[in-house]
Amino acid sequence: MSTTLPMQPRNVTIEVDVPVEKQDQFHRLWMQILSDEEAPINQQIRAEDAKREDVMAKGKAALFRLYDVAQGDTGQCRVIARFLAGLYNGTRFPFDLTDLRTIDGKLFEDCMATLRMDARHCVQEVHNYFDDGSRRWENMIRDWKLETASKT
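Parameters and conventions
- Residues numbered from 1 in each chain as written.
- Predicted model: local features only at pLDDT ≥ 70, side-chain atom pairs only at ≥ 80, totals over all residues.
- Heavy atoms only, no water.
- Phe/Tyr/Trp six-rings, centres within 6.5 Å; stacked < 30°, edge-to-face > 60°.
- Helix = DSSP H or I, 4+ residues; strand = E, 2+ residues; numbered from the N terminus.
- Buried < 20%, exposed > 50% of the residue type's maximum accessible area, 1.4 Å probe, protein only.
- Salt bridge = Lys/Arg side-chain N within 4 Å of Asp/Glu carboxyl O.
- Arc of directions from axis to C-beta.
- Axes fitted to C-alpha atoms, helices over the stretch in contact; angles between N-to-C directions.
- Parallel < 35°, antiparallel > 145°, perpendicular 65-115°, else oblique.
- Left-handed = near helix turned anticlockwise from the far one by under 90°.
- Contact = heavy atoms within 4.5 Å.
- Nonpolar A, V, L, I, M, F, W, Y, C, P; charged D, E, K, R; others polar.
- Expected span 1.5 Å × (residues − 1).
- Patch = residues over 30% accessible without salt bridge, like charges linked within 9 Å, V, L, I, M, F, W, Y side chains within 5 Å.
- Areas by Shrake-Rupley, 256 points an atom, 1.4 Å probe, with all protein chains shown as cover.

Undergrad: Got a minute to help me understand the packing of aromatic side chains in this structure?
TA: Aromatic ring pairs are reported here in terms of the distance separating the ring centres and the angle at which the planes meet. Tallied over the entire structure, the rule returns 6 aromatic pairs. When the ring of Tyr67 is compared with that of Trp137, the centres are 5.2 Å apart and the planes differ by 20 degrees; the resulting orientation is stacked. Of the two residues, Tyr67 is situated in helix α2 (residues 40-70) and Trp137 in helix α5 (residues 133-143); the sequence distance between them amounts to 70 residues. Taken as a pair, Tyr67 and Trp137 share a single burial class, namely buried. Put simply, the rings of Phe64, Tyr67, Tyr88, Phe130 and Trp137 touch in pairs and so form one group of aromatic residues.

Written out as structure tokens, the structure is:
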């Protein structure tokens, strides 16, 4: 036995009293509803999500480049290793921000992208973006002798 349900009406009549001074705003809102235009708040949320994803992608790429630089043996490499150690554990490895003056522009921008990602959208600790990150960071710290440098 089959039962047919009555069809729902496709349109509903709505009567609303709107203050005269709000008439234009109400009309715009109503047109937005009828046109299925997305609400401004959802557009803002989508824009913020896109911005966050961009910051995360740029920050993660910069972090990987910085880690590679920290494996080198120049003065800039040492500054980058200290910067990364400071992000890893700022209490254990304080970082003097004036040291950023000693690195080239590209490295500086990578530091800022990494810091922006870590400070604004911290999903995880910086070393956790790497396989076996704790060991890698501790090796970098040992290789640059940063443990003893932070105590002097």
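Read on for the rest.
Undergrad: Can you walk me through the pattern of salt bridges in this structure?
TA: Proximity of charged atoms lets side chains of opposite charge pair with each other. Throughout the structure, instances matching the rule amount to 7 salt bridges. Salt-bridge contacts for Glu138 lead to Arg92; the nearest nitrogen and oxygen are separated by 2.8 Å. Here Arg92 lies in the loop between α3 (75-88) and α4 (105-120) and Glu138 lies in helix α5, a separation of 46 residues in the sequence. Relative accessible area serves as the criterion here: at 27%, Glu138 is assigned to the partly exposed category. Arg135 is paired through a salt bridge with Asp132; the nearest N and O atoms lie 2.3 Å apart. Take Arg135: its relative accessible area is 43%, and that puts it in the partly exposed class. Here the residues in one salt-bridge network are Arg92, Glu138 and Glu147, joined through shared partners.

Undergrad: What is the right way to read α5 from this model?
TA: Note on helix geometry: an α-helix contains 3.6 residues per turn, so any two residues three or four positions apart are oriented the same way. Looking only at α5, the buried set comprises Gly133, Trp137, Met140 and Ile141. Buried residues of α5 fall within an arc of 100 degrees about the axis and therefore sit on the same side. Positive backbone phi, at 55 degrees, marks Lys145, one or two positions downstream of α5.

Undergrad: Help me understand the packing of α3 against α5 in this model?
TA: Any two packed helices are characterised by how steeply their axes cross, that is the angle between the axes, and by the distance between the axes. It is at 10 Å that the axes of α3 and α5 come closest, and there the two elements cross at 135 degrees. Classed by the angle they form, the pair α3 and α5 counts as oblique. Crossing handedness for the pair α3 and α5: left-handed. Along the contact surface, α3 presents Ala81, Leu84, Ala85 and Tyr88, while α5 presents Ser134, Trp137, Glu138, Met140 and Ile141. Partitioning the contact of α3 with α5 into residue classes produces 7 nonpolar, 1 polar and 1 charged.

Undergrad: Help me understand α2 in this model?
TA: With 31 residues, α2 should reach 45 Å at 1.5 Å per residue; the first-to-last C-alpha distance of 44 Å fits that figure. Every buried residue of α2 is accounted for by Val55, Met56, Gly59, Ala62, Leu63, Leu66, Tyr67 and Ala70. Contacts from the buried residues of α2 go to α3, α4 and α5.

Undergrad: Even after reading the chapter, I still don't get a nonpolar patch on the surface, so can you show me in this structure?
TA: There is a patch of nonpolar side chains on the surface, built from Val12, Ile14, Val16, Phe26, Leu29, Trp30, Met31 and Ile33 and spanning about 750 Å² of accessible area. Relative to the helices and strands, Val12 resides in the segment before α1 (23-34).

Undergrad: When you look at the side chain of Thr114 in this model, what are you seeing that I'm missing?
TA: Assignment of secondary structure puts Thr114 in helix α4. The class for Thr114 is buried, based on a relative accessible area of 0%. Among all residues touching Thr114, those that are not within four sequence positions of it are Gly59, Ala62, Leu63, Leu66, Phe83 and Leu87.

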